[in-house]
Amino acid sequence: MENVLGCQFNQFPLNLTYIVDLSYFDGSLLSVFKNEYGDFYIYNWCDVDDQFNRWLVFRVKRKSLIKYLEGELSLGDLVLSPIDGFQYLLEIDDHLDVKNIYVVQPHNLPESYIPGKNSYYNDLQLNPESLEEDKEIIKQEIYSKDEEKTKLLIS
């Protein structure tokens with residue numbers, strides 16, 4: 001795995017709930033999670049070795065997530081501009097246990113962890129086995145709050 005300049009934590013400080021995979025190929029590559037306050041977090045797979053899968057985890061605004069889904073922002077744009085100014089790097093074992101946690105700033109990420117300029121969303125990246133279900137989850141979990149706000153502003 002790539003060397004990373006960051007601060008190591010003993011425990012992951014967030015309690016996140018899985019929502020949906022946005023990219024899937026023989027397993028999750030890009031997933032959306034949510035915290036207890038309704039904030040969205042992206043889990044972006046970025047590295048692997050014989051012990052761990054490494055995931056870049058960061059908070060993202062609903063509006064930015066929607067812009068990504070609609071092709072207005074790339075994944076690279078999201079990775080390089082996290083809301084909090086930092087990301088977590090989690091090293092997760094085969095039992096899905098988080099073993100190492102680092103806090104890193106975008107400018108300290110290895111270049112291989114930063115998605116390219118053309119890293120735009122395409123729903124062909126969804127898991128073909130759960131395609132329709134995943135599209136419905138995206139609509140309900142990510143877009144629904146915007147629709148509610150719009151209805152409130154109109155009425």
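Above this text you will find the structure in question.
Notes on the structure follow.

## Notes on the layout of surface pockets
1) Next: In this structure, the largest pocket occupies an estimated 290 Å³ of space.
2) Next: As for the largest pocket, its lining consists of 16 residues, and the residues nearest its centre are S28, Y43, W55, I92 and L96.
3) Next: Secondary-structure elements contributing two or more residues to the lining of the largest pocket are β2 (17–24), β3 (28–34), β4 (40–48), β5 (53–60) and β6 (87–92).
4) Next: Classifying every residue of the lining of the largest pocket by side-chain character gives nine nonpolar, four polar and three charged.

## Side note on the sheet that holds strand β1 (residues 7–9)
1) Next: Within the open sheet, the seven strands sit side by side as β1-β7-β6-β5-β4-β3-β2. Their pairing is antiparallel. If you trace the sheet from one side to the other, it starts and ends with β1 and β2, each paired once. Strand-to-strand twist of the sheet, defined as the mean angle between neighbouring strand axes without regard to direction, takes the value 25°.

## As for the pairing of β5
1) Next: A large share of β5 lies buried, amounting to six of its eight residues.
2) Next: The pairing of β4 with β5 spans eight bridges and is classified as antiparallel. Residue pairing in the sheet places W45 in a bridge with W55 of β5.
3) Next: Two strands pair when backbone bridges link them, and β5 and β6 are joined in this way by five bridges, in the antiparallel orientation. Paired with R54 across the two strands is E91, which belongs to β6.

## Let's talk about the state of the cysteines
1) Next: Tallying each qualifying case throughout the model produces zero disulfides.
2) Next: Left unpaired, C7 is separated from the closest cysteine sulfur, that of C46, by 18 Å.
3) Next: For C7, a relative accessible area of 45% corresponds to the partly exposed category.
4) Next: By relative accessible area, C46 is classed as buried at 12%.

## Comments concerning unusual backbone geometry
1) Next: Its identity is not glycine, yet D26 carries a phi of approximately 55°, on the positive side.
2) Next: One can find D26 in the loop between β2 and β3.
3) Next: Judged by relative accessible area, which is 75%, D26 ranks as exposed.
4) Next: The phi dihedral of L96 falls on the positive side, at around 65°, and the residue is not glycine.
5) Next: Mapped onto the elements, L96 comes out in the loop between β6 and β7 (98–104).

## What about the pattern of salt bridges?
1) Next: Per the stated rule, a full pass over the model turns up six salt bridges.
2) Next: With a shortest N-O distance of 3.9 Å, D93 and K99 are connected by a salt bridge.
3) Next: The class for K99 is partly exposed, based on a relative accessible area of 46%.
4) Next: Each of the salt bridges in this network shares a partner with another, and the network as a whole consists of D39, R59 and D84.

## Topic: the environment of Y88
1) Next: With respect to the secondary-structure elements, Y88 resides in strand β6.
2) Next: The exposure class assigned to Y88 is buried, which follows from its relative accessible area of 8%.
3) Next: Between the alpha carbons of Y88 and G6 there is a distance of 9.1 Å; along the sequence they are 82 residues apart.
4) Next: Among residues more than four places away in sequence, those in contact with Y88 are F12, P13, L14, W55, L56, V57, I101, Y102 and V103.

Calculation rules
Residues numbered from 1 in each chain as written. Predicted model: local features only at pLDDT ≥ 70, side-chain atom pairs only at ≥ 80, totals over all residues. Heavy atoms only, no water. 1 Å grid on protein atoms, 1.4 Å probe; cavity = no way out; pocket = protein on both sides within 12 Å on 5 of 7 lines; lining within 4 Å. Points joined across faces, edges and corners; volume = space filled by probe spheres on them. Helix = DSSP H or I, 4+ residues; strand = E, 2+ residues; numbered from the N terminus. Nonpolar A, V, L, I, M, F, W, Y, C, P; charged D, E, K, R; others polar. Pairing = 2+ DSSP bridges. Axes fitted to C-alpha atoms, helices over the stretch in contact; angles between N-to-C directions. Buried < 20%, exposed > 50% of the residue type's maximum accessible area, 1.4 Å probe, protein only. Disulfide = S-S within 2.5 Å. Salt bridge = Lys/Arg side-chain N within 4 Å of Asp/Glu carboxyl O. Contact = heavy atoms within 4.5 Å.

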